[in-house]
Amino acid sequence: MKTAIYPGSFDPVTLGHINIIKRAAAAFDRVIVCVMVNSKKDGGIFTPDERIALMRKSIQVENVEFDINYGLVADYAKRKGARVLVKGLRAVSDYEQEVQMAMVNSKLNPDLDTVFFPSSEKYTYLSSSVAKELARYDADLEEFLPREILEDVKKKMKKRSDECDDCQH
Ligand code: ADP
């Protein structure tokens, strides 16, 4: 059974992520989408559990599972018996960092390889940060986020900006 891990922040999951998850699910027997909590970008808006709940709401595919990991992805993959990491590549700007990470991960775990999926053209410009910024201004998010989570994201961003207003007064 070929297991692949798709690691990321997913704060929150976007249509760009969903596109990669579906393509990975078609290419591998089992895909574990894993919220990584050790990354530099930590301190997200949604808690790891909330991010998982949003993903579960957005996508139900038989061979896709969701998990949270607080350590190194190279060790996590070993524990899960996975030999492949899936990454999405949006632009050349993603490439440099992702290739460096792939090399580090294969040093840490020589059995582990990284497979890149080029972003679908529709989602090349899309990141969780862009979606959050737009949600803050109540913009139309249908082309960015799964329909099932639109309200959750808007509600969260509204709560955050209300809290911020309070703390300024
Ligand atoms: P971000 O916060 O930038 O959206 P994540 O850490 O959640 O990033 O992303 C996890 C993985 O998904 C990374 O490999 C990233 O390159 C990829 N990814 C993110 N957005 C997209 C997109 N719109 N299209 C393709 N891949 C993406």
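Just so we're clear, the structure is a prediction, and the values are computed from it rather than from any experiment.

Reading the values: rules and limits
- Residues numbered from 1 in each chain as written.
- Predicted model: local features only at pLDDT ≥ 70, side-chain atom pairs only at ≥ 80, totals over all residues.
- Heavy atoms only, no water.
- Helix = DSSP H or I, 4+ residues; strand = E, 2+ residues; numbered from the N terminus.
- Polar contact = N/O pair within 3.5 Å; in protein donor to acceptor, adjacent residues only side chain to side chain.
- Contact = heavy atoms within 4.5 Å.
- Patch = residues over 30% accessible without salt bridge, like charges linked within 9 Å, V, L, I, M, F, W, Y side chains within 5 Å.
- Areas by Shrake-Rupley, 256 points an atom, 1.4 Å probe, with all protein chains shown as cover.
- Salt bridge = Lys/Arg side-chain N within 4 Å of Asp/Glu carboxyl O.
- Buried < 20%, exposed > 50% of the residue type's maximum accessible area, 1.4 Å probe, protein only.
- Pairing = 2+ DSSP bridges.
- Axes fitted to C-alpha atoms, helices over the stretch in contact; angles between N-to-C directions.

## With respect to the side chain of Asn19
Part 1 of the argument: Mapped onto the secondary structure, Asn19 falls in helix α1 (residues 15-27).
Part 2 of the argument: A polar contact of 2.8 Å, which involves the side chain of Asn19, links it to the side chain of Arg23.
Part 3 of the argument: Excluding anything up to four places from it in sequence, Asn19 contacts Ser120 and Tyr123.

## Notes on a nonpolar patch on the surface
Part 1 of the argument: There is a patch of nonpolar side chains on the surface, built from Leu72, Val104 and Leu108 and spanning about 230 Å² of accessible area.
Part 2 of the argument: As for its placement among the helices and strands, Leu108 is situated in helix α4 (residues 92-108).
Part 3 of the argument: Residue Leu108 is classed as partly exposed on the basis of its relative accessible area of 41%.

## Considerations on the environment of Phe10
Part 1 of the argument: Assignment of secondary structure puts Phe10 in the loop between β1 (3-8) and α1.
Part 2 of the argument: Given the relative accessible area of 2%, Phe10 is considered buried.
Part 3 of the argument: Excluding its chain neighbours within four sequence positions, the residues that come into contact with Phe10 are His17, Val33, Cys34, Val35, Arg51 and Met55.

## With respect to the sheet that holds β1
Part 1 of the argument: The strand order across the open sheet built from 5 strands is β3-β2-β1-β4-β5, with neighbouring strands paired in parallel fashion. At either margin of the open sheet sits one strand with a lone partner, and together these are β3 (64-69) and β5 (113-118). Looking at each pair of strands side by side, their axes are set apart by 30° on average, direction ignored.
Part 2 of the argument: The sheet contact formed by β1 and strand β2 (residues 30-36) spans 6 bridges and is parallel. Bridging across to β2, Pro7 finds its partner in Cys34.
Part 3 of the argument: Along the sheet face, helix α2 (residues 48-58) touches β2 and β3 and points at about 170° away from the line of β3.
Part 4 of the argument: Along the sheet, α4 contacts β4 (84-89) and β5; its crossing angle with β4, the most-contacted strand, is approximately 170°.

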